[in-house]
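Inside the fold
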Amino acid sequence: MEYAGKVRKLKEILSRLLPEGLCVAFSGGVDSAVLLCLAEALRREHGLPAGSLRGVLFATQLHPPADEADAKQQAEAMGVPLEVVRVDEFSDPAIMQNPPDRCYRCKRLLFQTLWETARKAGLAVAVDGTNYDDLSEYRPGLRALRELEVRSPLAEAEMTKEEVRHLAKEMGLAVSRKPSSPCMATRLPYGDRLTPEKLRQAAEGEELLKQAGFPACRLRVHENLARIEILPADFGRFGAVMEEITGKIKNLGFDYVTLDLEGFRSGSMDEPLRRMEKSSQEAARN
């Protein structure tokens, strides 16, 4: 389907859902921003009451505090009511053990809370910003969405991440080129217990990298080693500030700092799982 057709389909989906009352899981990222902003425009176009649309922001232990402030500003600019719901993933020991299905467990906790919030507000439909590209990646959390009947209009309209960014630019949203910001648990290998200290190290390390001019970055925590991921195109520029950044990151509590020569890539902690799955499939064929 061509881009224009996907946009029409997205508008049709939202237009059908809005009269039932729409509760949008809003993170402040480009996907959920497009969803919330477009839903608000359609709500006004169709003359529906303001109470038929609400954004819900999860304030959690696994997301940087800066995300919350940014999301609040965006929702205010859109004129959409935003409810901030505090969720403590640390209360669930299974999540903190960081198993391969951690995302599933976490999403169930979050979206059960989303449904509770939606029902209290008299809203009959809960949606999130999953896009079409997400369906082909390792995302155990998608199972939780299916089980809880949370809709994903962007994915249903087959809109890829790049197409969502293009639509955000057309809509004049400042987040059109905002880098993705998945939960901080993705900075640790599966099986490494999540602790406030490790999450703090990752968050503060990434903030140092961003302040140094590397907005697309990840700081992966491997015990006492920090693995930096930045865009390969930035490697040359990184050399000029490498000594300074290394010192600052070591001050966060690391003994070693390394630059990943494969560069920035989303989901690098999933790579061992994908290799294991591939090996299992090959063994089964043989």
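Preceding block: the structure.
Residues numbered from 1 in each chain as written. Predicted model: local features only at pLDDT ≥ 70, side-chain atom pairs only at ≥ 80, totals over all residues. Heavy atoms only, no water.

1. Details of the sheet that holds strand E1 (residues 22–25)
Reading across the sheet, the four strands line up as E3-E2-E1-E4 and stay open at both edges, with parallel pairing between neighbours. Single-partner strands in this sheet number two, and they are strand E3 (82–87) and strand E4 (125–127). Going from strand to strand, the sheet's axes swing by 25° on average, the running direction of each strand aside. (Pairing = 2+ DSSP bridges. Helix = DSSP H or I, 4+ residues; strand = E, 2+ residues; numbered from the N terminus. Axes fitted to C-alpha atoms, helices over the stretch in contact; angles between N-to-C directions.)

2. Considerations on the nonpolar core
Judged by nonpolar contacts, the single largest core of 41 residues is most densely connected at Phe-111, Leu-114 and Ile-228. Tallying contributions element by element places helix H5 (residues 102–120) first for this core, with six residues. For Leu-114, the contacting residues outside a window of four places in its chain are Cys-23, Ala-25, Val-56, Phe-58, Ala-126 and Val-127. Leu-36, Cys-37, Val-127 and Val-164 belong to the second largest nonpolar core, which has 35 residues in total. (Core = buried A, V, L, I, M, F, W, Y, C linked by side-chain atoms within 4.5 Å. Buried < 20%, exposed > 50% of the residue type's maximum accessible area, 1.4 Å probe, protein only. Contact = heavy atoms within 4.5 Å.)

3. With respect to the packing of aromatic side chains
Scanning all chains against the criterion turns up two aromatic pairs. Note on Phe-58 and Phe-111: the rings are 6.0 Å apart at their centroids and 85° apart in plane angle, and the pair reads as edge-to-face. Taken as a pair, Phe-58 in strand E2 (residues 53–60) and Phe-111 in helix H5 lie far apart in primary sequence, 53 residues in all. Geometrically, the ring pair formed by Phe-214 and Phe-238 is edge-to-face, given 5.7 Å between the ring centres and 65° between the ring planes. Of this pair, Phe-214 sits in the loop between helix H9 (196–211) and strand E5 (217–222) while Phe-238 sits in helix H10 (residues 235–250), and the two are 24 residues apart along the sequence. Judged by its relative accessible area of 3%, Phe-238 falls in the buried class. Over the aromatic face of Tyr-104 sits the side chain of Arg-143, whose NZ or CZ is 3.6 Å from the ring centroid. (Phe/Tyr/Trp six-rings, centres within 6.5 Å; stacked < 30°, edge-to-face > 60°. Lys NZ or Arg CZ within 6 Å of the ring centre and 35° of its normal.)

4. Quick notes on helix H2 (residues 30–45)
Taking 1.5 Å of rise per residue, 16 residues should cover 22 Å, and H2 covers 22 Å from first to last C-alpha, within 8% of that figure. Where H2 terminates, the next one or two residues include Gly-47, which has phi positive at roughly 70°. (Expected span 1.5 Å × (residues − 1).)

5. Focus on the packing of H2 against helix H8 (residues 161–170)
With their axes 9 Å apart at the nearest point, H2 and H8 run at an angle of 50° to one another. Judged by the inter-axis angle, H2 sits oblique to H8. As H2 runs across H8, the sense of the crossing is left-handed. Seen from H2, the contacting residues are Val-30, Asp-31 and Val-34; seen from H8, they are Lys-161, Val-164, Arg-165, Leu-167 and Ala-168. Among the residues making up the contact of H2 with H8, the classes are represented as five nonpolar, no polar and three charged. (Parallel < 35°, antiparallel > 145°, perpendicular 65-115°, else oblique. Left-handed = near helix turned anticlockwise from the far one by under 90°. Nonpolar A, V, L, I, M, F, W, Y, C, P; charged D, E, K, R; others polar.)

6. Side note on the environment of Lys-250
Mapping Lys-250 onto the fold places it in helix H10. Here the alpha-carbon distance between Lys-250 and Leu-225, two residues 25 residues apart in the chain, equals 9.0 Å. Leaving out residues up to four positions away in the same chain, Lys-250 has contacts with Asp-255, Tyr-256 and Val-257.

7. Thoughts on the pairing of E2
Most of E2 sits inside the fold, with seven of its eight residues counted as buried. Of the crossover connections in this fold, the one passing from E1 over H2 to the parallel E2 is right-handed. When E2 meets E3, the two strands line up parallel, connected through six bridges. If you follow Thr-60 over to E3, its bridge partner there is Val-87. (Right-handed = clockwise from strand over helix to strand, strands pointing away.)

8. Focus on the sheet that holds strand E6 (residues 225–230)
Reading across the sheet, the three strands line up as E5-E6-E7 and stay open at both edges, with mixed pairing between neighbours. Single-partner strands in this sheet number two, and they are E5 and strand E7 (256–259). Looking at each pair of strands side by side, their axes are set apart by 20° on average, direction ignored. Bridge analysis of E5 against E6 gives six bridges, and the strand direction is antiparallel. Across the sheet, His-222 pairs through a bridge with Leu-225, a residue of E6. Sitting on the sheet, H9 is in contact with E5 and E6, with an inclination near 150° to E5.

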